[in-house]
Amino acid sequence: MSLPGVRAVVFDISGTVLDFGSRGPACAFVELFARHGVAITELEARQPMGAHKRDHIEALISHPGIAARWRETHGRWPDSETLDELYVEFGPLQVEVLRDHSGVLPGVAEVAGELRRRGIRIASTTGFDSGMMDELKAAAASQGYAPDVWVTPDLVGAGRPAPWMIFHAARELGVFPLRNFVKVGDTPADIAEALNAGTWAVSVVQTGNEIALSADDLNALPNEERQARFQAARDKFNALGAHYVIGSVAELVPVIEEISARIERGERP
């Protein structure tokens, strides 16, 4: 049977469809630890980005430097009780921070509209739990991004790199096989999620966690430095198995057309 081309696109959220530079999550993690007297850098906060936020916090308190700072401040090493307490505290903090970091990125609404005109379904997966999503979903919808399905780790039992969120999205959309799906994201965890699910993986560079700058800060860089950062991110994503690396979601439609042609020739991710 001849299969059509791309039938669904699954987007990450922060750094991919909204929040230029994925600033919201990074700022929230830095603030979370600061409230407990422990300084962490934004670079440290970003290392596990894309994972379920509980897993993200666990990775941070397992980091030798951060754990040592925690012990110096609190007189004990961070443990499972620490993780539980920090995660409970993080949810409301993340919601608060995201209010200032929920702008839909340039071109996203237009691309979403074009995908819909082509009959391609849209889903989003994320590291946020469902309790963190209500205000964000409303803000995104008001700016033209309203996927058919939102999937969070607490709905399926685990976050990235597990493929369960994509599997859940496929079931909710009623679309298969997974080789006709494209996953778009800005982190290594997004690539791993796509490859584990058997979908095509597209990575965005300029708006996401690898560059980790606001639009204004990015534009303020000398062009040579800006291009060097872009190339380093492209090289990293290609080495991790991304099928395509683009600047932003605004550049996605030609990639969808190319992937569709490859699918129709019988190629698989």
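Attention in this report is confined to the structure presented alongside it. (Residues numbered from 1 in each chain as written. Predicted model: local features only at pLDDT ≥ 70, side-chain atom pairs only at ≥ 80, totals over all residues. Heavy atoms only, no water.)

### Looking at the sheet that holds strand β6 (residues 244-246)
- The parallel open sheet is built from six strands, whose spatial order is β3-β2-β1-β4-β5-β6. Each edge of the open sheet is held by one strand with a lone partner, namely β3 (149-151) and β6. Each adjacent strand pair in this sheet contributes to an overall mean axis angle of 20°, direction not counted.
- In this structure, strand β2 (residues 121-125) lies alongside β3, joined through three bridges in parallel fashion. Bridge pairing in β3 links threonine 125 to valine 151. (Pairing = 2+ DSSP bridges. Helix = DSSP H or I, 4+ residues; strand = E, 2+ residues; numbered from the N terminus. Axes fitted to C-alpha atoms, helices over the stretch in contact; angles between N-to-C directions.)

### A look at the pattern of salt bridges
- Evaluation of the coordinates by the stated rule reveals 21 salt bridges.
- Note that arginine 160 and aspartate 12 form a salt bridge whose closest N and O atoms lie 3.1 Å from each other. Note that arginine 160 is positioned in the loop between α8 (153-156) and α9 (164-173) and aspartate 12 in the loop between β1 (8-11) and α1 (23-34), a separation of 148 residues in sequence.
- Glutamate 225 serves as the salt-bridge partner of arginine 229, at 2.9 Å between the closest nitrogen and oxygen. (Salt bridge = Lys/Arg side-chain N within 4 Å of Asp/Glu carboxyl O.)

### A closer look at the environment of leucine 43
- Take leucine 43: it is sitting in helix α2 (residues 42-46).
- Residue leucine 43 is classed as exposed on the basis of its relative accessible area of 61%.
- Sequence spacing of leucine 43 and alanine 212 is 169 residues, and the spatial spacing of their C-alpha atoms is 8.8 Å. (Buried < 20%, exposed > 50% of the residue type's maximum accessible area, 1.4 Å probe, protein only.)

### Remarks on the pairing of strand β5 (residues 200-204)
- Within β5, five of the five residues are buried, leaving the element largely enclosed by the surrounding structure.
- Side chains of β5 alternate between two faces, with Trp200, Val202 and Val204 and Ala201 and Ser203 buried alike.
- Alignment of strand β4 (residues 181-185) against β5, held across four bridges, turns out to be parallel. Directly across from glycine 185, in β5, lies its bridge partner serine 203.
- Once the chain exits β4 it traverses helix α10 (residues 188-197) before rejoining the sheet at β5, and the crossover so formed is right-handed. (Right-handed = clockwise from strand over helix to strand, strands pointing away.)

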